[in-house]
Amino acid sequence: MAVTLEVSFWERGDWAVLEVSGELDLVTSPVLRQRVHDAVADGRHQVVLDLSEVFFCDSSGVGVLIATRRLIRSCQGRLRLILPGRGGAEGSHVNRVLAALGVRRLFEVHRDVDSATDDEARPLSA
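Chains are numbered independently. Their residues run from 1 in the order of the written sequence. Only residues with pLDDT of at least 70 are given local features in this predicted model, and only at 80 or more are side-chain atom pairs given and counted; all residues enter the totals for whole chains, interfaces and linings. Hydrogen atoms and water are omitted, and side-chain values are computed over all heavy atoms in the structure.

### Comments concerning the side chain of Arg80
Inclusion rule: Elements are defined by DSSP. Helices are runs of H or I of four residues or more, strands are runs of E of two residues or more, and each kind is numbered from the N terminus. Polar contact is the term for a pair of N or O atoms within 3.5 Å; when the atoms are in protein, one must be able to donate a hydrogen and the other to accept it, and sequence-neighboring residues count only if both atoms are side-chain atoms. For this analysis, residues touch if any pair of their heavy atoms sits within 4.5 Å.
Positionally, Arg80 belongs in strand 4 (residues 78-82). Here Ala116 takes part through its backbone oxygen, which lies 2.6 Å from a polar atom of the side chain of Arg80. Those residues in contact with Arg80 that sit more than four places away from it in its chain are Trp15, Val47, Val48, Leu49, Glu108, His110, Ser115, Ala116, Thr117, Asp118 and Asp119.

### Regarding unusual backbone geometry
Positioned with a positive phi, Gln76 is a non-glycine residue whose angle comes to about 55 degrees. Note that Gln76 resides in the loop between helix 2 (59-74) and strand 4.

### Comments concerning the nonpolar core
For clarity, the cut-off: In this description, a nonpolar core means a group of buried Ala, Val, Leu, Ile, Met, Phe, Trp, Tyr and Cys residues linked to one another through side-chain atoms lying within 4.5 Å. For every residue, the accessible area (1.4 Å probe, protein chains only) is compared with the maximum for its type, and the residue is labelled buried under 20%, exposed over 50%, or partly exposed between those bounds.
Within the largest apolar cluster, 27 residues are counted, with the highest numbers of intra-cluster contacts made by Leu32, Leu49, Leu51 and Leu98. Of all the elements in the fold, those that place two or more residues in this core are strand 1 (5-12), strand 2 (15-24), helix 1 (29-41), strand 3 (46-57), helix 2, strand 4 and helix 3 (93-100). Ranked by residues supplied to this core, first place goes to strand 3 with 5 residues. In this structure, Val17, Val48, Ile82 and Val113 belong to the second largest nonpolar core, which totals 6 residues.

### Some details on the sheet that holds strand 2
So the rule is basically this: Paired strands are those between which DSSP finds at least two bridges. Fitting a line to C-alpha atoms yields each axis, with helices limited to the stretch in contact; the angle taken between N-to-C directions then spans 0 to 180 degrees.
Taken in spatial order, the 5 strands line up as 1-2-3-4-5 in an open sheet, and their pairing is mixed. Pairing within the sheet leaves two strands with one partner each, and these edge strands are strand 1 and strand 5 (108-110). For this sheet the average axis-to-axis angle between neighbouring strands, irrespective of direction, equals 25 degrees. Both strand 3 and strand 4 contribute to a ladder of 5 bridges, which runs parallel. For Gln46, the partnering residue across the bridge sits in strand 4 and is Arg78. Packed onto the sheet, helix 1 meets strand 1, strand 2 and strand 3 and runs at close to 20 degrees relative to strand 1.

### Description of the pairing of strand 1
Across 8 bridges, strand 1 lies against strand 2 in antiparallel orientation. Considered in strand 2, the bridge of Phe9 is made with Leu18. A loop of 2 residues connects strand 1 with strand 2, the two strands running antiparallel in sequence, and Gly13 in this loop sits at a positive phi of about 60 degrees.

### Details of the pattern of salt bridges
Selection rule: Salt-bridge detection follows one rule: a side-chain nitrogen of Lys or Arg within 4 Å of a carboxyl oxygen of Asp or Glu.
What the rule picks out here adds up to 6 salt bridges. With a shortest N-O distance of 2.8 Å, Glu108 and Arg80 are connected by a salt bridge. With a gap of 28 residues between them, Glu108 in strand 5 and Arg80 in strand 4 connect regions that are remote in the sequence. We classify Arg80 as buried; its relative accessible area is 4%.

### Notes on helix 2
An α-helical segment advances 3.6 residues per turn. Residues three or four places apart therefore align on the same side. Put simply, the rule is: Residue count minus one, scaled by 1.5 Å, sets the expected span of a helix. The directions considered for the arc run from the helix axis to the C-beta atoms.
A rise of 1.5 Å per residue sets the reference length of helix 2, with its 16 residues, at 22 Å; its end C-alpha atoms lie 22 Å apart and thus fit the reference within 8%. For helix 2, the full list of buried residues reads Gly61, Val62, Val64, Leu65, Thr68 and Ile72. Within helix 2, the buried residues cover an arc of 155 degrees as seen down the axis, which keeps them to one side. Facing away from the buried surface of helix 2 by more than 90 degrees, the exposed residues are Ser59, Arg70 and Arg73. Residues of helix 2 that are buried sit in contact with strand 2, helix 1, strand 3, strand 4 and helix 3. Of the residues flanking the start of helix 2, the one acting as N-cap is Asp58, its side-chain oxygen 2.9 Å from the backbone nitrogen of Ser60. Just beyond helix 2, the residue with positive phi is Gln76, at close to 55 degrees.

What follows is the structure in structure tokens.
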């Protein structure tokens, strides 16, 4: 079985939205890292990473998320993550990984694109 990651890009208002699906791991995380760098190089400093369709994330994927946060902050930008709600007992795989590593609190998490791109919306609690 081939490891895959797809990243699609679109804009909503001032926000660059990167929809990520598949596995975010050692093999695929450079793809997301490059797409984020491309968006920032194009002057997009308000970024939403929609991780709703990421079904696996390892420490390499978490590293890319933390590096993305650092990059966006260095540009005085804003980063928001979309993780599925707690429909299940524990929420999404990515949410569980971030929580287990103690870094979930570093990210502003929203339930959907509408919330993430609305400056009046409140993020989900950690």
